[in-house]
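The chain contents come next:
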Amino acid sequence: MKRQQLQPEGNYYDKYHTKNKIEQWLMKRFFRTCEAVLDEMEWGKTGLHGIAGKGSVLEAGCGEGEFTKFLYKKYGKSAGMEAFDISRNCVAKAQKKCPGVSFHVGSIYEIPKGRSYDLVVASEVLEHMDDPALAVQSLLNVCQGYLFLTVPNEPLWRILNMARGKYLGRLGNTPGHVQHWNKRSFQKLVLERGG
């Protein structure tokens, strides 16, 4: 079944290259937190840290490749890394940033079965999905090790958007965000799917 394409062209706002000092600090903190969480995982079992070159990474919804670049610096040279996005335009941009990654155009709802990955990543993707539970299940279907997901923490991101004077008529909701979670509700979504 084909799913509605809610935001086909990546980030509505380029938070990765912002000039705003507060947003720069938040993005640095985001990447440091992601680094720390990934470092805590037991990669020796899958080979990403231990047996060099034996692990595999899949990034779903890679957008323009900013998080892909982060993952590739961390794992891509020693692990087989693949990434995809529903937008052909975004995939083209991501390929330029990470030529060592195998990219394709595809939907998170229709990840081909038959392959499995030691690390499956969807960073800042699920808030754009009309059916995030089905998206998480699709990711779990190809995950043989770790599933790494990030989403904006609500209502914090809405408050921050409003503080910078953006999306006031939408109460700070970034265009394209159709799902909203806090820590508890996001954990519930993932755990209900068996993650």
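Here the structure is a predicted model, which means the values were calculated and not measured.

Scoring rules and cut-offs
- Residues numbered from 1 in each chain as written.
- Predicted model: local features only at pLDDT ≥ 70, side-chain atom pairs only at ≥ 80, totals over all residues.
- Heavy atoms only, no water.
- Helix = DSSP H or I, 4+ residues; strand = E, 2+ residues; numbered from the N terminus.
- Buried < 20%, exposed > 50% of the residue type's maximum accessible area, 1.4 Å probe, protein only.
- Contact = heavy atoms within 4.5 Å.
- Areas by Shrake-Rupley, 256 points an atom, 1.4 Å probe, with all protein chains shown as cover.
- Patch = residues over 30% accessible without salt bridge, like charges linked within 9 Å, V, L, I, M, F, W, Y side chains within 5 Å.
- Salt bridge = Lys/Arg side-chain N within 4 Å of Asp/Glu carboxyl O.
- Lys, Arg positive; Asp, Glu negative; His and termini not counted.
- Charge placed at Lys NZ, Arg CZ, Asp CG, Glu CD.

### A few points about the overall build of the protein chain
Secondary structure assignment for the protein chain yields 6 helices and 5 strands. The buried share among the 195 residues of the protein chain stands at 48%. Taking contacts inside the protein chain between residues at least 6 apart in sequence as the whole, the part at least 24 apart equals 68%. Carbon together with sulfur atoms contributes 53% to the accessible area of the protein chain, which is approximately 10,600 Å² in total.

### Topic: a positive patch on the surface
Where like charges cluster on the molecular surface, the positive patch consists of Lys 19, Lys 21, Lys 28, Arg 29 and Arg 32. Considering the arrangement of structural elements, one finds Arg 29 in helix H1 (residues 21-40). Arg 29 sits in the partly exposed class, given a relative accessible area of 45%.

### Let's talk about the pattern of salt bridges
Here the structure, examined in full by the defined rule, presents 6 salt bridges. Of the charged contacts in the structure, one is a salt bridge between Glu 66 and Lys 69, with a shortest N-O distance of 3.5 Å. On the criterion of helical spacing, the pair formed by Glu 66 and Lys 69 is a turn pair, its members being 3 residues apart in helix H2 (residues 66-76). Residue Glu 66 is classed as buried on the basis of its relative accessible area, which comes to 12%. With a shortest N-O distance of 2.3 Å, Arg 115 and Glu 82 are connected by a salt bridge. Placement of the pair is Arg 115 in the loop between strand S3 (102-105) and strand S4 (117-123) and Glu 82 in strand S2 (residues 80-85), with a sequence separation of 33 residues. Assessed through its relative accessible area of 16%, Glu 82 is described here as buried. Where salt bridges share partners, they join Glu 35, Asp 39 and Lys 74 into one cluster.

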